[in-house]
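If you want the building blocks of each chain, they are given just below.
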Amino acid sequence: MGMGSSPYLQVKELRKSFPGVLALKGVSLTLEQGEVLALIGENGAGKSTLMKILAGVQPADEGEFEVKGEMVSFRSVNDAMSRGIALIHQELNLCGNLDLASNIFLGREPVRGGLIDESTMRQEAKKFLDLVGLDLPVETIAGTLPIGKQQLVEIAKALSSDARVLIMDEPTSSLSQKETETLFGVVKDLRRKGISVIYISHRLGEVIELADRVTVFRDGENAGDLSGEEINHDNMVKLMVGRELSEFYDRRAHQPGAIILNVDQVSTPAFPGSPISIEVKSGEIVGIAGLVGAGRTELLQTIFGVTPAVSGTIKVRGEVISIDNPRTAIEAGLALAPEDRKQHGLVLPMSVRENSSLPSLRRDASRGFLNDEAEDKLTQVAVESMKIKTPNNEQIARFLSGGNQQKIVLGKWLAMQPKLLMLDEPTRGIDIGAKREIYKLMEKLAGEGMAILFVSSEMEEVLGMSDRAYVMHEGKISGELNRDQLSEEAIMNLATGNLQVA
Amino acid sequence: MKKNILGIFLLLVAIFVITAIINPKFLNAYNMQNLIKWSSLYAVMSLGVAFVIITGGIDLSIGSVVGLVAVVLSICLKLEGMDPWSAIGLTLVLSLAIGFLHGILITKAKVQPFVVTLCGLLVYRSMGRWFTDNQSIGPIPLEDDAGYANIEQIQGLDFLFSGKIALGSFNLPTPAVFLLVLSLAAAIFLKRTIWGRYLFALGNNEEGTRYSGIDTDRMKILAYVLCSFFAGIAGILFAFELDSVQPAQTGEFYELYAIAAAVLGGCSLRGGEGTVLGVVIAAAVIRLIYNSINMVGISTHLEFGILGLVILLGVIGDEMLKKTVARKQATLKP
């Protein structure tokens, strides 16, 4: 079969559901040999689910899946790899304690006489490191490399198993500008060698630079394809959100009131040498942008007392509060909807009721005894006001969709009537309907005078929702942008440490 | 009754009925009283460890705490001639202190519960043997025993802790009354107070619970304190029940029975699950199995084997039941 007679990889009408949510409602995608296909869409659009299916991590419920014109179905990651499909994970999967050669050949070590054939392994490993432009001794311990180089090692590892299709999920989310440029060079080089890449990214600028074609997902469905000249910012955003941006983020001008939160020279345990100062006023929505690993989540966790500050002062409504655990933060009127909803936001095996009431139990109890009436009422209010879609209040949180889970988290905090609501990646992994509702809620709460501080990796979200935004880079605040200064370019410059351009 | 408790309850009834049919002597009053007494003693320990298992922890030191408390109580009464009520108070404080120490080591020094309580198992056992020079000793005087001040009060305690209350022709062993009171208190604590809710929450997801403003360290310490406290009460009950305490043997392996009962009774070692009723019934099942092996005439060498298989099958059944329930819940539509 000659090149181009049938696409290298083709999926048709793929469906996949999880308890409580239909993640893929019949999506299709084609990938030619030697092509860089960008797959874009907002959080929860189904990109990651499709990638996991392609890489054999989980099976599809229904749909056709062909590699080089041949029907396949993958039962495991090994099945996918034997067909030349490899997933480069967002979280890197190298063993930090092993050297590069051992990592590249982990599980496929060349053997001679029952023992690992070290010299062959090293030689081969060197070859693949060269292929991704890494000039490092193969004895280097993987854990000592910066994240960008580890990622290249991952790619070398995939190539060493004869991968013909590389799936890269947000590869640049924690890379510096320079590392990103190196990665792009490698991707373009691989394309010339006939390797296909599926590139998932939120960074539209990267997509424009790299992609031959763009497939857009929205809410578990195909929203459209773009190629060549059509690949531009406006077209992509329109397909992603399904309408003009201004309609999606229904924002009004706010009149900020008194200062609610004042963070003065606070350093987090993760970045003890980088003191941070920010403030948030009543009725104001403040965004924090930056790359993954820039210290945004750590900052919120420190303000909330999960990882207490190592220096500096935090004032809430002008009063210095010593926050050394979440309880003191909550008592001071703070709330945090954490990034990791399943680990930190909820107690998944417990019910909607038990989750909604968890922070309020103490307040509503008398002498330590539960107040059933208050708990039921609080849950009912949360379910109704947040429009949580649940069969009943006793439903286990695990079985609800990401959007509804996030609504439980928000509901439980609103029951505490916080002065400042902090949201870390508030719409990660949730569908577009729930997303809009959360934006509306943020808008409404700000209108009522609540101070809102949110972290987001989604450019559109920061641009659309913020009255003001801070940008973080390597643990520091690299800049502050008012609403009229907000642009993707300004944020990316600050986020990647390009201070002179800003 | 929840389905998993219903399952273990049916198991209890089934073994009971089968044994009674094979050997009618099983039903006589003396055997029943003994069965109730031993079930109650085991259940008190099992309830204690249930608090810890609900938080996702483990306590391997229970048997040694039982042994140490029984030894210390006997020493206080016999050698020190201490006021009996003060001696009881002292041993309870000792058990509380042990639990507190476990809790601090686990939450503040971040040592794994398995390690902390395994070391406890070794240390408390050895302390009891050292205190007594490994000689047996009892809380009440046997014939021609010297020591012991205030014999009358000691006899009063003996009735309280290992006496019988006549209910018509049936004599109810007092440990059953202790169990009744303690299990009611435990059930109210777990189901009706915020602290009980916190224990379940942190057992399911400690970080998530902490993010909701709950001092999870303090709650874990509380669980270990309760566990050792219940073991301490069991130690007092055992001391008066046995009359003669063997420092090297009394309470040996009891932690394993307690953990087995908690697990068979529906607690998951992953944490976050468990009911008082289930644990009490499971403790009774374990004692019942022992008794019926004797009654039915199965070789006593098979005791452990049968017990092990029953627990294994019970837990597998429980897991399958949970999966079915979960599947049903997952498909509920809003």
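Above this note sits the structure.
Residues numbered from 1 in each chain as written. Chains lettered and ligands numbered in written order. Predicted model: local features only at pLDDT ≥ 70, side-chain atom pairs only at ≥ 80, totals over all residues. Heavy atoms only, no water.

Notes on the overall build of chain A
Item 1. When its secondary structure is counted, chain A shows 19 helices and 22 strands.
Item 2. Taking 502 residues into account, the globule formula puts the C-alpha radius of gyration at 23 Å, and chain A, at 24 Å, falls close to it.
Item 3. For chain A, the spread of C-alpha atoms along the three principal axes comes to 70 × 50 × 50 Å.
Item 4. Here chain A, with 502 residues, has 55% of them falling under the buried criterion.
Item 5. A separation threshold of at least 6 residues defines the contact pool for chain A, and within that pool the share at least 24 residues apart is 66%.
Item 6. Counting every atom, chain A has about 20600 Å² of accessible surface; 48% of that belongs to carbon and sulfur.
Item 7. Charge separation in chain A, taken as the distance between the mean sites of 55 positive and 70 negative side-chain charges, equals 2 Å. (Helix = DSSP H or I, 4+ residues; strand = E, 2+ residues; numbered from the N terminus. Rg over C-alpha atoms; globule rule 2.2 N^0.38 Å. Buried < 20%, exposed > 50% of the residue type's maximum accessible area, 1.4 Å probe, protein only. Contact = heavy atoms within 4.5 Å. Areas by Shrake-Rupley, 256 points an atom, 1.4 Å probe, with all protein chains shown as cover. Lys, Arg positive; Asp, Glu negative; His and termini not counted. Charge placed at Lys NZ, Arg CZ, Asp CG, Glu CD.)

Observations regarding the interface of chain A and chain B
Item 1. Facing the 41 residues of chain A at the interface are 28 residues of chain B.
Item 2. Carbon and sulfur atoms supply 57% of the area buried between chain A and chain B, which totals about 2800 Å² over both sides.
Item 3. Summed over the three residues of chain A that lose the most area to chain B, namely H344, L358 and L370 of chain A, the buried surface amounts to 19% of that side.
Item 4. One can count three salt bridges joining chain A with chain B. (Buried area = accessible area lost by both parts, 1.4 Å probe. Salt bridge = Lys/Arg side-chain N within 4 Å of Asp/Glu carboxyl O.)

Notes on the layout of surface pockets
Item 1. When its volume is computed, the second largest pocket comes out at roughly 1300 Å³.
Item 2. What lines the second largest pocket is a set of 35 residues, among which P349 and I396 of chain A together with K2, G272 and E273 of chain B lie closest to the centre.
Item 3. Counting only elements with at least two residues in the lining of the second largest pocket, the list comes to α13 (352-357) of chain A together with α1 (3-22), α7 (174-192), α8 (194-204) and α13 (303-330) of chain B.
Item 4. Broken down by element, the lining of the second largest pocket gets its largest block of residues, eight residues, from α13 of chain B.
Item 5. For the lining of the second largest pocket, the residue count by class is ten nonpolar, eleven polar and 14 charged. (1 Å grid on protein atoms, 1.4 Å probe; cavity = no way out; pocket = protein on both sides within 12 Å on 5 of 7 lines; lining within 4 Å. Points joined across faces, edges and corners; volume = space filled by probe spheres on them. Nonpolar A, V, L, I, M, F, W, Y, C, P; charged D, E, K, R; others polar.)

Overview of the sheet that holds strand β11 (residues 213-218) of chain A
Residues and elements named next belong to chain A.
Item 1. If you walk across this open sheet you meet the six strands as β6-β9-β10-β3-β11-β12, and the pairing is mixed. Two strands bound the open sheet, and with one partner strand each, they are β6 (85-88) and β12 (221-227). Shown here is a sheet whose adjacent strand axes are inclined to one another by a mean of 20°, direction ignored.
Item 2. Alignment of strand β3 (residues 36-40) against strand β10 (residues 196-200), held across four bridges, turns out to be parallel. Bridged to L39 within β10 is I200.
Item 3. Sheet contacts for helix α6 (residues 177-192): β3, β9 (165-169) and β10; angle to β9, the most-contacted strand, approximately 155°. (Pairing = 2+ DSSP bridges. Axes fitted to C-alpha atoms, helices over the stretch in contact; angles between N-to-C directions.)

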